[in-house]
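Residue-level structural notes
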Amino acid sequence: MTTTKTTEVSAEPGLPFITVIREFDAPAERVYAAHVDPELFVQWIGPRRLVTTLDRFEPRSGGSYRFVQSDNEGQSFAFHGSFHELTAPRRMVQTFEYEGAPGHVSLDSAELEPLDGERCRLTIHSTFQSVEARDAMLQAGMSDGMSEGYERLDEVLARG
């Protein structure tokens, strides 16, 4: 069963948090794998106009990552962080920092909830160091980038 999917992004006024909720027509195990398998990860993370390359990707508790996204005009955007907890197939906790705004680190906790045998819900709770840092992330286009990335993830999951 295919459903119309939206990426719900909410940010309560005055609080340094963002919550993202997205459902997928795939079991939690496959969605989890797409987050930790480097070959799958680069296929869906971020907007379509950007190509992602991994400098480092150590998907394990205590591991780290760094990836760069580039467009056709030669612009690039780098991100890095640390994996704090990876518990397959239900939980991922990591830091996230855009290198274009150093010092603005978020702590992201992602939970995958099975909905039935073939579907799941991903809920991400991001904690920022300040409301201003959270708002800057939203103003930079986080919602659109995540929505487009999750549409791309749907395509990856549909290919098997």
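Overview of the structure. (Residues numbered from 1 in each chain as written. Predicted model: local features only at pLDDT ≥ 70, side-chain atom pairs only at ≥ 80, totals over all residues. Heavy atoms only, no water.)

Regarding the environment of Val31
- Here Val31 is to be found in helix α1 (residues 28–36).
- We classify Val31 as buried; its relative accessible area is 0%.
- Between the C-alpha atom of Val31 and that of Leu122, which follows or precedes it by 91 residues, the distance is 8.6 Å.
- Not counting chain neighbours up to four residues away, the residues in contact with Val31 comprise Phe24, Ala26, Leu112, Cys120, Leu153 and Leu157. (Helix = DSSP H or I, 4+ residues; strand = E, 2+ residues; numbered from the N terminus. Buried < 20%, exposed > 50% of the residue type's maximum accessible area, 1.4 Å probe, protein only. Contact = heavy atoms within 4.5 Å.)

Things to note about the nonpolar core
- Among the nonpolar cores identified, the biggest contains 34 residues, and Phe24, Val31, Trp44, Leu112, Leu122, Tyr150 and Leu153 are the most heavily contacted of them.
- Of all the elements, helix α4 (residues 142–159) adds the most residues to this core, at 6 residues.
- In this structure, Leu122 is in contact with Val20, Ile21, Arg22, Phe24, His35, Met92, Ala110, Glu111, Leu112 and Tyr150, ignoring residues within four places of it in sequence. (Core = buried A, V, L, I, M, F, W, Y, C linked by side-chain atoms within 4.5 Å.)

A short note on the pairing of strand β4 (residues 64–70)
- Among the 7 residues that make up β4, 5 are buried, leaving the element largely enclosed by the rest of the structure.
- Sheet topology note: the strand β3 (residues 51–57)/β4 ladder contains 6 bridges and is antiparallel. If you follow Leu54 over to β4, its bridge partner there is Phe67.
- Linkage of β3 to β4, two consecutive antiparallel strands, is achieved through a turn of 6 residues, within which Gly62 is found at a positive phi near 95°.
- Of the pairings in the sheet, the one linking β4 to strand β5 (residues 76–87) comprises 7 bridges and is antiparallel in character. Paired with Tyr65 across the strands is Gly81, a residue of β5.
- Between β4 and the antiparallel strand that follows it, β5, lie 5 residues; Gly74 among them carries a positive phi value of about 90°. (Pairing = 2+ DSSP bridges.)

Considerations on the pattern of salt bridges
- Inspection of the entire model under this criterion finds 14 salt bridges.
- In this structure, Asp71 and Arg49 form a salt bridge, with 3.8 Å as the shortest nitrogen-oxygen distance. Residue Asp71 is found in the loop between β4 and β5, and its partner Arg49 is found in the loop between α2 (38–44) and β3; the two are separated by 22 residues along the sequence.
- Assessed through its relative accessible area of 51%, Arg49 is described here as exposed.
- For the salt bridge of Glu111 with Arg91, the shortest nitrogen-to-oxygen distance reads 2.4 Å. On the criterion of sequence distance, the pair formed by Glu111 in strand β7 (residues 105–116) and Arg91 in strand β6 (residues 91–98) is long-range, its members being 20 residues apart.
- In this structure Glu111 comes out as partly exposed when scored by relative accessible area, which is 33%.
- Relative accessible area serves as the criterion here: at 26%, Arg91 is assigned to the partly exposed category.
- Among the charged side chains, a salt-bridge network with shared partners connects Lys5, Arg22, Glu23, Asp25, Glu113, Arg119, Arg121 and Asp154. (Salt bridge = Lys/Arg side-chain N within 4 Å of Asp/Glu carboxyl O.)

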